[in-house]
Amino acid sequence: MTTNHGDFETVPDLKGKSINVAQVELEDNNLVMQIQDSANYNPDYPKFSVIEQDPVAGAKVKEDRKIYITLNPSGYRKIRVPDGLIDKTYRQVKPTLEALGFKVGKITYVDNIGKDMVLKLSHQGTTIESGDKLPKTSVIDLVLGNGNRP
């Protein structure tokens, strides 16, 4: 056995490349790909492309070294819509939804004695129930009371 003292491979830049392209580039440089799980979707990169690598591009490593890559998932992870949003005020519900990563969309008012009270939540025309799961950054439309008796 020899250590190949002084012989190094240069780690290629894999960011934004597909798994297949990354595999070929690493094999061409006598390096081994090790895929790590990916947690957060990054819309700046294509789905299933490399978003992080360790060691970084340009590093000098021995041949057959494992290069750990993190892949971009296919989309945002799904988040559970919290309980107890109905019959709360808009002022209470808006920051709760935004803190979870949702966006508040269209606001519609209907006759209801509770002014600015949330009566219904919907996503793309479908009513949302407590516990439903939606992708992070989903737009949630609200139906609020206008303070008038029905």
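Note: the structure precedes this text.
A quick note: this is a predicted structure, and the numbers were derived from the prediction, not measured. (Residues numbered from 1 in each chain as written. Predicted model: local features only at pLDDT ≥ 70, side-chain atom pairs only at ≥ 80, totals over all residues. Heavy atoms only, no water.)

## Observations concerning the environment of Met117
Assignment of secondary structure puts Met117 in the loop between β7 (103-110) and β8 (118-123). Leaving out residues up to four positions away in the same chain, Met117 has contacts with Asp87, Lys88, Thr89, Asn112, Val143, Leu144 and Gly145. (Helix = DSSP H or I, 4+ residues; strand = E, 2+ residues; numbered from the N terminus. Contact = heavy atoms within 4.5 Å.)

## Here we look at the packing of aromatic side chains
Within this structure, the stated rule accounts for one aromatic pair. Ring centres of Tyr41 and Tyr76 lie 4.8 Å apart, and the angle between their planes is 75 degrees; on these two criteria the pair is classed as edge-to-face. One end of the pair, Tyr41, is in the loop between β2 (32-36) and β3 (50-54); the other, Tyr76, is in the loop between β5 (66-71) and β6 (78-80), with 35 residues separating them in the sequence. A relative accessible area of 30% means that Tyr76 is categorised as partly exposed. The aromatic ring of Phe8 is capped on one face by Lys62, whose charged end is 5.0 Å from the ring centroid. (Phe/Tyr/Trp six-rings, centres within 6.5 Å; stacked < 30°, edge-to-face > 60°. Buried < 20%, exposed > 50% of the residue type's maximum accessible area, 1.4 Å probe, protein only. Lys NZ or Arg CZ within 6 Å of the ring centre and 35° of its normal.)

## Notes on the side chain of Asn112
Looking at the element boundaries, Asn112 is found in the loop between β7 and β8. Polar contacts involving the side chain of Asn112 include one to the main-chain amide nitrogen of Gly114, which spans 2.8 Å. Not counting residues up to four positions away in its chain, the partners in contact with Asn112 are Met117, Leu119, Gly145, Asn146, Gly147 and Asn148. (Polar contact = N/O pair within 3.5 Å; in protein donor to acceptor, adjacent residues only side chain to side chain.)

## Looking at the nonpolar core
Across soluble globular proteins, nonpolar side chains show a tendency to be buried alongside one another. Grouped together as the largest cluster of nonpolar side chains are 14 residues, with contacts concentrated most on Leu97, Phe102, Leu121, Ile140 and Leu142. Elements that contribute at least two residues to this core include exactly α2 (90-99), β8 and β11 (139-145). If one sorts the elements of this core by residue count, β11 sits on top with three residues. Every residue in contact with Leu142, bar those within four places of it in the chain, is listed here: Tyr90, Leu97, Val104, Lys106, Ile107, Thr108, Val118, Lys120 and Leu121. In terms of nonpolar packing, the next biggest core, distinct from the first, is built from eleven residues, Val11, Leu14, Leu26 and Leu31 among them. (Core = buried A, V, L, I, M, F, W, Y, C linked by side-chain atoms within 4.5 Å.)

By themselves these figures say nothing about function.
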